[in-house]
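Residue-level listing of the chains:
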Amino acid sequence: MLPQASRVIAVERETRDTFTFTVAAPGGGSGFAPGQFSMLSVFGVGEAPISISGDPGEPDRLVYTVRSVGPVTQALVTRRPGEWIGVRGPFGASWPLAALRGKDILIVAGGIGLAPLRPAVYYVLRRRGDYGRLVLLYGARSPQDMLYRKQLSAWSYLPDTQILTTVDYGGLSWRGHVGVVTTLFRYARFDAQRTAALVCGPEVMMRFVLRELETRGMALSDVYVSMERNMKCAVGFCGHCQLGPHFVCKDGPVFPAARVKRLMERYEL
Amino acid sequence: MRLEAKELASLIETLRRDGYEVVGPTVRDGAIVYDAIEGLEDLPRGWTDEHAPGRYRLLRRPDNALFGYVVGPQSWKRFLLPPRVRLFSVRRNGDQPEIIADASAEPPPKYAFLGARACELAALAVQDRVLLGGPYADPIYRNRRQDVFVIAVQCTQAAPTCFCSSMGTGPKLSGGYDIALTEVVEGAESWFVAHAGTEAGAARLAALGAPEASPQDVARAEEAARRAESMITRRLNTAGLRERLAENFEHPQWDDVARRCLACANCTLVCPTCFCVTVEDTSDVTGSHAERWRLWDSCFTQSFSYIHGGPVRASIKARYRQWLTHKLSSWHDQFGTSGCVGCGRCITWCPAAIEITTEAEAVCGFPPSSLRSEQA
Ligand SMILES: Cc1cc2nc3c(=O)[nH]c(=O)nc-3n(C[C@H](O)[C@H](O)[C@H](O)COP(=O)(O)OP(=O)(O)OC[C@H]3O[C@@H](n4cnc5c(N)ncnc54)[C@H](O)[C@@H]3O)c2cc1C
Ligand code: SF4
Ligand code: SF4
Ligand code: FES
């Protein structure tokens, strides 16, 4: 599957190493589902899997939030409006939001893991009456590493919506929570019996979150996680993204937690 | 039909005349490899191969058999899933990059494979499932695969590394070919019993105008095929293997094999079903031209599982375990078939003489079935 050349429309700085940029969807856009990802190329440098972080209600533009950690992501974040990148996709399984209608939605994110969850927030906000409470728990390394800060703050004023954030290191001016994301659970108001949880972040964080959710009385069958693995093709051919019997690119990246919990507990699987 | 060497030669010749690139076994650098051949003179006439864990060498045969060997280090995958292939080029067209698929640039050769073994046809079927059987088909593989003409050659001998009978893939040919040949050695020379597996194969055989094989000829060919079967000593106990491997994620045998494995990746490169690839971008100095290439990769490298923060499978233990459990267990979950066809290449070409059969049975707690059959 070939990339299509797409023009960068806007670039916005989120943190010192993370940028959100908007590209014109190739061919006007075929739409995407929250939780799906694209393969983004800077030609001559390489390609990387990047979640779509924008609003699924605006399919003509694709929004990505990229943290620069290596050659490809560094080349991506230095693109400027008017420049071109290559886009393949969208790929992968999405957060099953249509099937979760009527439930409270609990979103738990760590670091850049908020990017694939933002489309789920947009989706729920556009269909507010279809869902119960919306609770978002977000942990970042420091206040300076938090994504979408203005948006998080704006959402926190919406009815039936609770946005809680925490950081590992606060610094002097930080007056919010300090500690790992699971420490936020005691402030979160949701009814475990009628809640679905969507989780994305580093794998250790997700393991702790799953444990916490179970302690809070949630059934694993109401929990979904998004996994990260090395990916070179996104269509099941390169073998890189295997997680036991699963190909994260095509069977995931979003999985019902019950399907992958045991695999997540296997060290170096 | 009974073919003499000269009719085999004319089969090769007519295929070449019809635009096929005939690929078959040939001797190079002390091994039997697959490469383009022009006629019988390129075949490994009078050669055989000796296999043992971590050991391979060519020996002279007492006769002039053309296919009197078992398997070489290469498989047909190098022609259908090339070790290195360009996916596309990018040209700057004013300011907008233009992406040119390589598949459209030059049509792949039309291949005729001469000398494919039963296990190798099984491996082709496995790769067909992986690369053509899902929602996406790999266009490079498909273009190269769709017109392949297969002349299979029945094994008439087996190596101590072979365990196709345990995997249900051989040694008897059972489809997947256009023409099947069984070589019968008589004195110093040999002749063939041929039969067609497809209409295309039947048409080519008919065009040779060779005589029907007599019942005695057919009996001689069947006897030769049975010889291969009787030479197989290696076994893999597959009953419950898939489940036990998935369960025994923590087993001391993984640590044991990790102390011997060099993570050299030989086993994945010689394996006819291993399909893992990576991609690499290149660009010229001016940045006006870029290319993306696809290359064979191996789960034995650390970079294979790298994500930000470090490789998922940092230890050799984890990488060997991934390879073996993928072949014999999770491949079933993914593709509804075993990922191992029992060709034995990974055993022969492992510098540490690691045997997949022995390791798998040890992890499962099965008694070693190969040893037992050798003692018997
Ligand atoms: C489904 C999915 C969604 C993702 N979404 C986002 C996102 O929204 N925002 C974001 O910033 N990051 C995201 N990532 C992570 C991102 O893909 C990696 O950070 C990126 O590939 C790193 O490449 P690099 O060359 O910049 O860096 P390096 O880490 O230096 O890469 C070194 C080598 O490792 C390879 N590599 C490292 N990680 C990966 C990977 N996950 N897949 C393939 N190759 C890898 C690179 O290709 C390169 O060859 C996502 C990953 C996955 C699997
Ligand atoms: S795993 Fe070994 S024996 Fe099995 S098909 Fe691959 S190379 Fe042959
Ligand atoms: S099992 Fe043998 S061939 Fe495979 S990586 Fe280890 S040492 Fe190399
Ligand atoms: S990314 Fe290639 S198989 Fe999943």
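Cut-offs applied
- Residues numbered from 1 in each chain as written.
- Chains lettered and ligands numbered in written order.
- Predicted model: local features only at pLDDT ≥ 70, side-chain atom pairs only at ≥ 80, totals over all residues.
- Heavy atoms only, no water.
- Helix = DSSP H or I, 4+ residues; strand = E, 2+ residues; numbered from the N terminus.
- Domains from an automatic or database assignment.
- Contact = heavy atoms within 4.5 Å.
- Salt bridge = Lys/Arg side-chain N within 4 Å of Asp/Glu carboxyl O.
- Polar contact = N/O pair within 3.5 Å; in protein donor to acceptor, adjacent residues only side chain to side chain.
- Near = heavy atom within 4 Å.
- Nonpolar A, V, L, I, M, F, W, Y, C, P; charged D, E, K, R; others polar.
- Areas by Shrake-Rupley, 256 points an atom, 1.4 Å probe, with all protein chains shown as cover.
- Pairing = 2+ DSSP bridges.
- Axes fitted to C-alpha atoms, helices over the stretch in contact; angles between N-to-C directions.
- Buried < 20%, exposed > 50% of the residue type's maximum accessible area, 1.4 Å probe, protein only.

Note that the residue after A:G252, namely A:P253, is joined by a cis bond; omega there is 10 degrees. As for its placement among the helices and strands, A:P253 is situated in the loop between helix 5 (248-251) and strand 15 (254-256). Residue B:P171 is bonded to the preceding B:G170 through a cis peptide linkage, with omega at 0 degrees. On the secondary structure map, B:P171 appears in the loop between helix 6 (164-167) and strand 10 (179-186). Phi is positive for A:Y148, close to 50 degrees, though the residue is something other than glycine.

Turning our attention to the domain arrangement of chain A. Residue and element names in this part refer to chain A. Taken as a whole, chain A is organised into domain 1 (4-91) and domain 2 (97-264). Computed over C-alpha atoms, the centres of domain 1 and domain 2 are 21 Å apart. Of the residues lining the interface, 27 residues belong to domain 1; the matching set on domain 2 comes to 24 residues. Between domain 1 and domain 2 we count 2 salt bridges in total. Residue R126 pairs with D55 through a salt bridge whose shortest N-O separation is 2.9 Å. Where domain 1 packs against domain 2, one counts 6 residue pairs in polar contact (both at pLDDT 80 or more).

Here the focus is the site of ligand 2. Residue and element names in this part refer to chain B. Surveying the vicinity of ligand 2 reveals 13 residues, the closest of which are C271, C340, C343, G344 and C346. Put simply, the parts of the chain that give the shell around ligand 2 at least two residues each are helix 12 (316-335) and helix 13 (345-348). Here the residues of the shell around ligand 2 sort into 9 nonpolar, 2 polar and 2 charged.

The next thing to look at is the site of ligand 1. Around ligand 1 sit 23 residues in total, of which A:P49, A:T65, A:R67, A:T73 and A:M231 are the nearest. What surrounds ligand 1 is not a single chain but chains A and B. Take A:V72: an N or O atom from its main chain is 3.1 Å from an oxygen atom of ligand 1. Here A:M231 contributes a backbone N or O atom positioned 2.8 Å from a nitrogen atom of ligand 1. Calculation on ligand 1 without its partners gives an accessible area of 830 Å², and the protein chains cover 86% of this total. Of all the secondary structure elements, the ones that give two or more residues to the shell around ligand 1 are strand 4 (46-51), strand 5 (61-67) and helix 1 (71-77) of chain A together with strand 14 (306-307) of chain B. Top contributing element to the shell around ligand 1 by residue count: strand 4 of chain A, with 4 residues. Considered class by class, the residues forming the shell around ligand 1 number 13 nonpolar, 6 polar and 4 charged.

All names here are of chain A. The strand order 10-9-8-7-11-12-15 describes an open sheet built from 7 strands, whose pairing is mixed. Bordering the open sheet on either side are strand 10 (177-178) and strand 15, each of which pairs with just one other strand. In this sheet, strand 11 (residues 195-200) lies alongside strand 7 (residues 104-110) in parallel orientation, the contact comprising 6 bridges. From the neighbouring strand, I105 faces strand 11, where its bridge partner is A196. Sheet strands touched by helix 4 (residues 203-215): strand 7, strand 11 and strand 12 (223-226). Its angle to strand 11, the strand with the most contacts, is close to 165 degrees.

Moving on to the pattern of salt bridges. As a working rule, side chains carrying opposite charge can pair if their charged atoms are close by. Residue and element names in this part refer to chain B. Inspection of the entire model under this criterion finds 37 salt bridges over all chains. D255 is paired through a salt bridge with K317; the nearest N and O atoms lie 3.3 Å apart. Of the two residues, D255 sits in helix 10 (residues 252-260) while K317 sits in helix 12, which places them 62 residues apart along the sequence. On the basis of relative accessibility, which here comes to 17%, the residue K317 falls in the buried class. For the salt bridge of D256 with R259, the shortest nitrogen-to-oxygen distance reads 3.8 Å.

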